[in-house]
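Close look at the chain arrangement
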Amino acid sequence: LLLSFLLLLNMLCQMEFIGLSNRSLSQPSFTPEFQDGLWSWRINIGLNGKYYDKMTVSSLSERICNQTARLYPVEMSDDKNTMIANINRYLPGSGIVEQIYNGP
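Residues numbered from 1 in each chain as written. Predicted model: local features only at pLDDT ≥ 70, side-chain atom pairs only at ≥ 80, totals over all residues. Heavy atoms only, no water.

**Quick look at the overall build of the protein**
Helices and strands together make up the secondary structure of the protein, namely five helices and zero strands. Its helices and strands in sequence order give the protein the pattern α-α-α-α-α, from N to C terminus. For the protein, the residues scored as buried account for 14% of the 104 residues in total. Summed over its atoms, the accessible surface of the protein is roughly 8,500 Å², and 64% of this surface lies on carbon and sulfur atoms. (Helix = DSSP H or I, 4+ residues; strand = E, 2+ residues; numbered from the N terminus. Buried < 20%, exposed > 50% of the residue type's maximum accessible area, 1.4 Å probe, protein only. Areas by Shrake-Rupley, 256 points an atom, 1.4 Å probe, with all protein chains shown as cover.)

The following block contains the structure:
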């Protein structure tokens with residue numbers, strides 16, 4: 001009887017975990033409005049000639065995407081720079097250690 005109860009409790013906990021995982025992980029992380037905002041930023045600001053750096057021969061988008069402050073200093077758009085840095089930290093690197101400890 002105790003074993004049956006524990007088995008039932010285990011099954012209920014697993015079903016709750018599956019439901020919780022499904023609810024939290026199946027939702028899109030970026031809404032269409034957010035994606036449109038990123039596209040608008042890229043076209044209107046990131047690739048704008050006003051923010052082109054003649055010293056590094058790079059656009060603002062290129063400087064943000066490269067994430068190399070020594071070669072490509074990013075003097076503006078800190079929120080986009082931080083977002084790209086967070087994404088790069090989450091995604092696995094090329095080495096086996098990075099793939100074990102980072103992201104999916």
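**Examining the side chain of Ser61**
Position of Ser61 among the secondary structure elements: in helix H3 (residues 60-66). Given a relative accessible area of 9%, Ser61 falls into the buried group. If we skip the residues at most four places from it in the chain, Ser61 touches Trp41, Arg42, Gly46 and Leu47. (Contact = heavy atoms within 4.5 Å.)

**Considerations on helix H4 (residues 78-90)**
Between its first and last C-alpha atoms H4 spans 18 Å; for 13 residues at 1.5 Å apiece the expected length is 18 Å, and the two agree. Taken as a whole, H4 has its buried residues at Lys80, Asn81, Met83 and Ile84. In an axial view of H4, the angular spread of the buried residues amounts to 160°, which keeps them on one side of the axis. Structural note: H4 exposes Asp78, Asp79 and Arg89 on the side pointing more than 90 degrees away from its buried face. Buried residues belonging to H4 abut helix H2 (32-46) and H3. (Expected span 1.5 Å × (residues − 1). Arc of directions from axis to C-beta.)

**Observations regarding the environment of Cys65**
Its location among the elements puts Cys65 in helix H3. Sequence separation between Cys65 and Ile84 is 19 residues, and the spatial gap between their C-alpha atoms is 6.8 Å.

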